[in-house]
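Overview (structure and organization)
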Amino acid sequence: SGPTWLAHRAGVPLLVLAAAVDRAWRARSWERPVIPKPIARIALYYGDPVTVPADADDAGLEGIATALGETMLADERAAFARLGVADDQ
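Attention in this report is confined to the structure presented alongside it. (Residues numbered from 1 in each chain as written. Predicted model: local features only at pLDDT ≥ 70, side-chain atom pairs only at ≥ 80, totals over all residues. Heavy atoms only, no water.)

1. Let's talk about the pattern of salt bridges
Enumeration according to the criterion identifies two salt bridges in this entry. Residue D22 pairs with R41 through a salt bridge whose shortest N-O separation is 3.1 Å. Residue D22 is located in the loop between β1 (17–21) and β2 (24–26), and its partner R41 is located in the loop between β3 (34–36) and β4 (42–46); the two are separated by 19 residues in the primary sequence. Across the pair R77 and D87 runs a salt bridge whose closest N-O atoms are separated by 3.8 Å. Taken together, the positions of R77 in helix α2 (residues 58–83) and D87 in the segment after α2 put the pair 10 residues apart, joining distant regions of the chain. (Salt bridge = Lys/Arg side-chain N within 4 Å of Asp/Glu carboxyl O. Helix = DSSP H or I, 4+ residues; strand = E, 2+ residues; numbered from the N terminus.)

Pasting the structure below:
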């Protein structure tokens, strides 16, 4: 919900970006960073900008954050499907 709160405070829209790569090294740390291997194919998905209403309360911000998270995961799965590889969830 942090990016949603920041967008609300700054009055700027949010843009959901999802990425997938078919060949990569994946670190085993808690954040699981991905480093594409040479000649890897990458698929990027992004949606329309989402404007956070200026009058949104905490519950509204949380709802927007939840919806954006679900959209991001769906877009990431679609990106993996486009590459023809299993997602890394």
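2. Observations regarding the nonpolar core
Residues A7, L14, V16, V52, A56, L61, I64 and L68 constitute the largest nonpolar core, which totals eight residues. Per-element accounting of this core gives the leading share, three residues, to α2. In this structure, V52 is in contact with T4, A7, H8, L14, L61 and I64, ignoring residues within four places of it in sequence. Grouped together as the second largest cluster of nonpolar side chains are five residues, A20, A79, F80 and L83 included. (Core = buried A, V, L, I, M, F, W, Y, C linked by side-chain atoms within 4.5 Å. Buried < 20%, exposed > 50% of the residue type's maximum accessible area, 1.4 Å probe, protein only. Contact = heavy atoms within 4.5 Å.)

3. Things to note about a negative patch on the surface
On the surface, D55, D57, D58 and E62 cluster together into a negatively charged patch. The topology assignment puts E62 in helix α2. (Patch = residues over 30% accessible without salt bridge, like charges linked within 9 Å, V, L, I, M, F, W, Y side chains within 5 Å. Areas by Shrake-Rupley, 256 points an atom, 1.4 Å probe, with all protein chains shown as cover. Lys, Arg positive; Asp, Glu negative; His and termini not counted. Charge placed at Lys NZ, Arg CZ, Asp CG, Glu CD.)

4. Overview of a nonpolar patch on the surface
Taken together, the side chains of L15, L17, I42, L44 and Y46 present a nonpolar region at the surface, about 580 Å² in accessible area. For the nonpolar patch, the element with the highest residue contribution is β4, accounting for three residues. Exposure remark for L44: the relative accessible area of 55% places this residue in the exposed category.

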